[in-house]
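A look at the structure
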Amino acid sequence: YAATAYCEVIRQELNHFGVSVHILEPGFFNTPLIDEEIVQGRIDKVLANTLESVKREYGERFFVEGREKATSTL
């Protein structure tokens, strides 16, 4: 947000001198990086390789919430 706000300020300041300021904001594109099925597969692979002692120490809730957070923005 800070970079966007700064660009808005200098856009207004430089407009008086005929200089235009443009803000390019990244967005999501449909790639394997954000494909929910692929992300779920990666999570499953990591969990399959996680030691049972580690799973017990963190508890099931940790892994369930982590999975939800990893896919909530997809």
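Being a predicted model, the structure only gives us computed values, none of them experimental.

Let us look at the side chain of Q40. By secondary structure assignment, the location of Q40 is in helix α2 (residues 36-48). The exposure class of Q40 is buried, given its relative accessible area of 18%. Here R67 takes part through its side chain, which lies 2.3 Å from a polar atom of the side chain of Q40. Setting aside anything within four residues of it in sequence, one finds Q40 in contact with R67 and T71.

Applying the stated criterion across every chain yields a total of three aromatic pairs. Ring centres of F62 and F63 lie 5.2 Å apart, and the angle between their planes is 90 degrees; on these two criteria the pair is classed as edge-to-face. You can call F62 partly exposed: its relative accessible area is 44%. Three or more aromatic residues joined by ring pairs make a cluster, and in this case those are Y58, F62 and F63.

Reading the values: the criteria
- Residues numbered from 1 in each chain as written.
- Predicted model: local features only at pLDDT ≥ 70, side-chain atom pairs only at ≥ 80, totals over all residues.
- Heavy atoms only, no water.
- Helix = DSSP H or I, 4+ residues; strand = E, 2+ residues; numbered from the N terminus.
- Buried < 20%, exposed > 50% of the residue type's maximum accessible area, 1.4 Å probe, protein only.
- Polar contact = N/O pair within 3.5 Å; in protein donor to acceptor, adjacent residues only side chain to side chain.
- Contact = heavy atoms within 4.5 Å.
- Phe/Tyr/Trp six-rings, centres within 6.5 Å; stacked < 30°, edge-to-face > 60°.

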